[in-house]
Amino acid sequence: MTLIAIAAALAIGLSTIGPGIGQGIASAKALEGMSRQPEMASELRTSMILALAFMEAMTIYGLLISILLLGKM
Amino acid sequence: MMDALYELGITNQMMTSTGITLIISAIVIVAGRHMQMIPSGLQNIMEIVVEKLQNFYISVMGEYAGRKYFPIVASLFIYILICNYSGLLPFSGHLPGLAAPTSSINFPLGMALIVFVFTIVVGLVENRGPRYFKSFFRPVAFLFPIMLLEQLVHPVSLTLRLYGNIFGEEAVIAEFFNLIPLGVPIIMQALSVLMGLIQALVFSLLAGIYISEAAHPVDGNLHHQETCEIPVQQII
């Protein structure tokens, strides 16, 4: 019972680490590119949002697993 | 009356999404009733919205696919955007018949299945028949299982991304309301305005990219490439 609760917390907690770091790096680089070449800003923004969405999917899978685990309690 | 609907298996989310459909349809019908060459009022606003969206999708999907399949991706965007924002209405989720449709897994799943089936239909139509399935064997033939898996994962990831984000937000806002009912939830709600827009954008953008990939001819020398070359010949 408590083990499942800990597992659910770990599932969402650990799965936020990787995407968090990745999104930070990606948006930092995109901002750098935008400030260097402001005329490319709109294209870069679209690609950045798309890349962030792909990274975010990992966290969402973690959230799904933790919801499934909570359902087992 | 509500109990009778609940017994039929109609949930709050279904009622809200139907209501949103009716509202959007009503606004669009009113805006397009007396169309004029020089637009004014509501028609003008709608034309600005559609034109901005069309420029955006053409820049992502390319000139041909962006123009031809613009209606479905733009409809997805507008519909999902308003469905996301319906979760920010006062008492949303507590009044009978009012809850954000995207916070239930069935709504995103339906949208993602529409995109999945539409992608295959576009591939079959653009390649004039089952030649489309050659694209699964395209780089190398032994990659076929991976390409097939990739196609099948698209609707799953579309569903989970939209559902997870909106459900997570709604859960966090509800939890904040339980802790401190005044002031603090506004921060999360302001963030949720931005997130609702980004999630609607991402969903329609990915749908557009899948569709434009399917619309790309497998073997080349297809009809729309020929039509693209006609103006060049006329110039010569």
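Just so you know, these numbers come straight off a predicted model, no measurement behind them. (Residues numbered from 1 in each chain as written. Chains lettered and ligands numbered in written order. Predicted model: local features only at pLDDT ≥ 70, side-chain atom pairs only at ≥ 80, totals over all residues. Heavy atoms only, no water.)

Core analysis: the biggest nonpolar cluster contains 39 residues, and Y57(B), Y69(B), F77(B), M111(B), V115(B), L158(B) and F203(B) have the highest contact counts within it. Looking at this core, the elements with two or more residues in it are α2 (41-72) of chain A together with α3 (42-61), α5 (70-85), α6 (106-126), α7 (144-179) and α8 (184-215) of chain B. Here this core gets 11 residues from one element, more than from any other, and that element is α8(B). Setting aside its immediate chain neighbours within four residues, Y57(B) contacts G62(B), G66(B), F70(B), V73(B), A74(B), F77(B), S204(B) and L205(B). (Core = buried A, V, L, I, M, F, W, Y, C linked by side-chain atoms within 4.5 Å. Buried < 20%, exposed > 50% of the residue type's maximum accessible area, 1.4 Å probe, protein only. Helix = DSSP H or I, 4+ residues; strand = E, 2+ residues; numbered from the N terminus. Contact = heavy atoms within 4.5 Å.)

Quick look at the interface of chain A and chain B now. With 12 residues of chain A at the contact, the number on the chain B side is 15 residues. Together chain A and chain B conceal approximately 1,200 Å² of surface at their shared face, both sides included; 80% is due to carbon and sulfur atoms. Broken down residue by residue, the surface that chain A buries against chain B is led by I49(A), L50(A) and I60(A), which jointly contribute 35%. If you look at where chain A meets chain B, you find zero salt bridges. Counting across the interface, chain A meets chain B through three residue pairs in polar contact (both at pLDDT 80 or more). (Buried area = accessible area lost by both parts, 1.4 Å probe. Salt bridge = Lys/Arg side-chain N within 4 Å of Asp/Glu carboxyl O. Polar contact = N/O pair within 3.5 Å; in protein donor to acceptor, adjacent residues only side chain to side chain.)

Turning our attention to the environment of M58(A). Residues and elements named next belong to chain A. Checked against the element boundaries, M58 lands in helix α2. You can call M58 partly exposed: its relative accessible area is 46%. With residues near it in sequence (within four places) discarded, M58 still touches S15 and P19.

Moving on to the layout of surface pockets. Residue and element names in this part refer to chain B. In this structure, the largest pocket occupies an estimated 730 Å³ of space. Of all elements in the fold, only α2 (12-31), α3 and α5 reach the threshold of two or more residues within the lining of the largest pocket. Considering every element that reaches the lining of the largest pocket, the biggest residue donor is α5, with 10 residues. Its residues assigned to classes, the lining of the largest pocket shows 22 nonpolar, five polar and one charged. (1 Å grid on protein atoms, 1.4 Å probe; cavity = no way out; pocket = protein on both sides within 12 Å on 5 of 7 lines; lining within 4 Å. Points joined across faces, edges and corners; volume = space filled by probe spheres on them. Nonpolar A, V, L, I, M, F, W, Y, C, P; charged D, E, K, R; others polar.)

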